[in-house]
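Next come the chains, spelled out residue by residue.
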Amino acid sequence: MKTDEALVWSIGQADRAAFRELYDRHADRVYRFALSLVRNGHLAEEVLQETMLAVWKQADKFRGSSKATTWILGIARNQAHGLLRREKKGERLPEDPTFEPDPAETAEIDVRVKQALEKLSDEHQEALHLVFYEEMSLADAAAVLGVPEGTVKSRLFYARKALAKELL
Amino acid sequence: MTECEKTLEMLPWYVTGKLGAADAAAVAAHIQTCETCRRELAEVVWVRNSVSVVTRDLPSVRQHVWRRVLSRVGWHDVARVDIGSMLVGFRLGVNARRPGSPVRASLNVMGRNVRIVGSDRRDKCETTKPDE
């Protein structure tokens with residue numbers, strides 16, 4: 001099986017099969033990360049589309065200085081924040097009301113924890129997602145967020161304390 | 001920086017198993033002797049579990065998004081003609097896509113695709129997927 005980095009290299013050579021394989025491997029990961037940032041299914045799908053489009057266009061510029069996963073999630077993060085900025089400026093239509101999470105699924109979620117997490121800043125939420133959900137190393141999380149490692153540490157610390165204050 | 005401060009910084013990655021062996025050993029040794037850092041460790045474990053509670057039910061992306069990605073990349077067919085017969089084992093397919101070569105044609109013989117028209121860079125490694 002090809003590594004992610006090899007797939008990105010092949011995509012840079014316009015290999016559609018490699019593009020499909022990379023999508024299959026990472027679509028859920030990108031979508032869930034986007035969902036943790038934009039908190040809206042439709043917008044998260046849009047982030048995924050734009051991220052994959054950027055991967056297709058920029059794959060030939062990928063130099064392998066970071067992991068492919070880190071590179072892709074970094075793109076997704078930029079897309080999500082760009083989309084949120086446009087949302088704030090009112091440049092987009094409101095969300096399609098037909099998209100609703102499955103009530104059977106949401107019923108299983110600990111609502112109190114979910115609400116506490118949603119009260120955190122975007123910066124704290126994305127740090128928690130990358131380290132505790134994606135289980136990224138400090139270096140990789142810092143690369144995705146585009147900040148020094150010390151910043152990731154402090155964001156995690158304050159996120160943890162804020163959650164504890166809310167729930168304990 | 002004190003041992004406690006160093007330990008506190010590493011706790012999230014100690015819990016997820018992402019520390020190097022030396023750092024993990026240092027954290028393990030320190031928390032055996034430090035009640036304060038043991039409490040911090042318990043809190044980190046609790047936060048990780050809380051994040052897991054919420055993220056375990058995160059949905060998967062819906063199937064149609066791949067088609068939208070294809071459309072954004074510009075691979076959708078705007079016209080397609082297929083002539084052939086499965087019985088005799090060949091098929092001639094002609095389709096137009098944008099952007100790139102406006103018309104492409106290929107001959108499928110006994111399951112092998114042979115491109116006979118259309119050769120832009122984005123087409124050279126095409127693999128047909130059932131749902132494209």
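Above this text you will find the structure in question.
Since this is a predicted model, take the numbers as computed values, not measurements. Here the residue numbering is sequential within each chain, running from 1 through the sequence in written order. Just so you know, chain letters begin at A and ligand numbers begin at 1, following the order they were written in. For this predicted model, a pLDDT threshold of at least 70 governs which residues receive local features, and a threshold of 80 or more governs which side-chain atom pairs are given and counted, while totals over whole chains, interfaces and linings are taken from all residues. Hydrogens are left out, water is left out, and the side-chain values use all remaining heavy atoms of the structure.

Asker: Would you mind going over the overall build of chain B in detail, with residue names and values included?
Answerer: Counting secondary structure elements, chain B contains four helices and four strands. Here a helix means four or more residues in a row that DSSP labels H or I, a strand means two or more in a row labelled E, and each is numbered from the N terminus. Ordering the α and β elements of chain B from the N terminus gives α-α-α-α-β-β-β-β. Relative accessibility decides the category of a residue: with a 1.4 Å probe and only protein chains considered, values under 20% of the type maximum give buried, values over 50% give exposed, and everything between is partly exposed. Split into buried and exposed, the 132 residues of chain B put 35% on the buried side. Surface accessibility in these figures is a Shrake-Rupley result with a 1.4 Å probe; residues are shielded only by whichever protein chains are displayed. Summed over its atoms, the accessible surface of chain B is roughly 7900 Å², and 58% of this surface lies on carbon and sulfur atoms.

Asker: Describe the nonpolar core, and please don't skip the residues or the numbers.
Answerer: Counting 79 residues, the largest nonpolar core has A:Phe19, A:Tyr23, A:Leu48 and A:Leu128 as its most contacted members. For this core, the element with the highest residue contribution is helix 2 (residues 16-38) of chain A, accounting for 12 residues. The set of buried Ala, Val, Leu, Ile, Met, Phe, Trp, Tyr and Cys residues whose side-chain atoms join them within 4.5 Å is what this entry labels a nonpolar core.

Asker: Pulling in residues and values, what's your account of the packing of helix 6 (residues 111-119) of chain A against helix 3 (residues 35-55) of chain B?
Answerer: Put simply, helix 6 of chain A and helix 3 of chain B touch, their axes get as near as 9 Å, and they point 105° apart. Our classification of the angle between helix 6 of chain A and helix 3 of chain B gives roughly perpendicular. Here helix 6 of chain A contributes A:Val113, A:Lys114 and A:Leu117 to the contact with helix 3 of chain B, which in turn contributes B:Ser50, B:Val51 and B:Val54. In this count, Pro and Cys sit with the nonpolar residues alongside Ala, Val, Leu, Ile, Met, Phe, Trp and Tyr, while Asp, Glu, Lys and Arg are called charged and the others, Gly among them, polar. Of the residues in the contact of helix 6 of chain A with helix 3 of chain B, the class split is four nonpolar, one polar and one charged. For helices, the axis comes from a line fit to the C-alpha atoms of the stretch in contact; other axes are also lines fit to C-alpha atoms, and the angle between any two N-to-C directions lies between 0 and 180 degrees. By the definition adopted for this analysis, an angle is roughly parallel if under 35 degrees, roughly antiparallel if over 145, roughly perpendicular if from 65 to 115, and oblique otherwise. Whether two residues are in contact is decided by their heavy atoms: any pair within 4.5 Å suffices.

Asker: Mind laying out the side chain of A:Gln125, listing which residues take part and the relevant values?
Answerer: Position of A:Gln125 among the secondary structure elements: in helix 7 (residues 122-133). In contact with A:Gln125, not counting residues within four places along its chain, are A:Ser36, A:Arg39, A:Leu117, A:Glu118 and A:Leu120.

Asker: Any details on the interface of chain A and chain B? Residues and values, ideally.
Answerer: With 49 residues of chain A at the interface, the matching set in chain B holds 42 residues. Note: buried area is the sum, over both parts, of the accessible area (probe 1.4 Å) each one loses when the two are combined. Buried surface at the junction of chain A and chain B, summed over both partners, amounts to about 4700 Å²; 62% is from carbon and sulfur atoms. Here a salt bridge means any side-chain nitrogen of Lys or Arg lying within 4 Å of a carboxyl oxygen belonging to Asp or Glu. Here chain A is connected to chain B by nine salt bridges. Residues B:Arg68 and A:Glu45 are paired through a salt bridge, measuring 3.6 Å at the closest nitrogen-oxygen approach. Throughout this description, a polar contact denotes any pair of N or O atoms lying within 3.5 Å of each other; where both atoms belong to protein, one of them has to be capable of donating a hydrogen while the other can accept it, and for residues adjacent in sequence the pair is counted only when both atoms sit in side chains. Summed over the shared surface of chain A and chain B, the result is 16 residue pairs in polar contact (both at pLDDT 80 or more). Top element by residues in the side of chain A that touches chain B is helix 2 of chain A. It accounts for 10 residues. Its residues assigned to classes, the side of chain A that touches chain B comprises 28 nonpolar, six polar and 15 charged.

Asker: Go over the environment of B:Glu43 with me, naming the residues and quoting the values.
Answerer: Its place among the elements puts B:Glu43 in helix 3. When the C-alpha atoms of B:Glu43 and B:Leu11 are compared, they prove to be 9.8 Å apart, with 32 residues separating the residues in sequence. Ignoring any residue separated from it by four or fewer positions in sequence, one finds B:Glu43 in contact with A:Arg160, A:Lys161, A:Ala164 and A:Leu168. At a separation of 3.1 Å, a polar atom in the side chain of B:Glu43 contacts the side chain of A:Arg160.

Asker: Can you break down the packing of aromatic side chains residue by residue, with the values?
Answerer: In this scheme Phe, Tyr and Trp rings, the latter by its six-membered ring, pair at centre separations within 6.5 Å, and the angle between planes marks the pair as stacked below 30 degrees, edge-to-face above 60, and tilted otherwise. As enumerated under the stated definition, the model contains five aromatic pairs over all chains in all. Pairing A:Phe62 with A:Trp71 gives two aromatic rings, centres 5.0 Å apart and planes at 45°, and the pair type is tilted. Accessibility assignment for this pair places A:Phe62 and A:Trp71 in one class, buried. Through successive ring pairs, a cluster of aromatic residues spans A:Phe19, A:Tyr23, A:Trp56 and B:Trp66.

Asker: Lay out the pattern of salt bridges in plain terms, naming residues and giving numbers.
Answerer: Opposite charge on two side chains permits pairing when their charged atoms draw close. In total, this model carries 22 salt bridges over all chains according to the counting rule given. Put simply, A:Arg25 and A:Glu21 hold a salt bridge, and the shortest N to O gap is 2.8 Å. With a gap of four residues between them, A:Arg25 and A:Glu21 both fall in helix 2, about one helical turn apart. Residue B:Arg72 pairs with A:Glu50 through a salt bridge whose shortest N-O separation is 2.7 Å. Of this pair, B:Arg72 sits in helix 4 (residues 65-73) while A:Glu50 sits in helix 3 (residues 41-58), on two different chains. One connected set of salt bridges, linked through shared partners, spans A:Arg160, A:Lys161, B:Glu40 and B:Glu43.

Asker: Pulling in residues and values, what's your account of the packing of helix 7 of chain A against helix 8 (residues 138-145) of chain A?
Answerer: Residue and element names in this part refer to chain A. Their axes nearest at 10 Å, the elements helix 7 and helix 8 cross at an angle of 140°. Accordingly, the angle class assigned to the pair helix 7 and helix 8 is oblique. The two elements helix 7 and helix 8 cross, and the hand of that crossing is right-handed. Only Ala141, Val144 and Leu145 of helix 8 make contact with helix 7, whose side of the interface consists of Glu126, Ala127, Leu130 and Val131. Its residues assigned to classes, the contact of helix 7 with helix 8 comprises six nonpolar, no polar and one charged. Crossing handedness is defined as follows: a turn of the near helix away from the far one that is anticlockwise and smaller than a right angle gives a left-handed crossing, while the clockwise case is right-handed.

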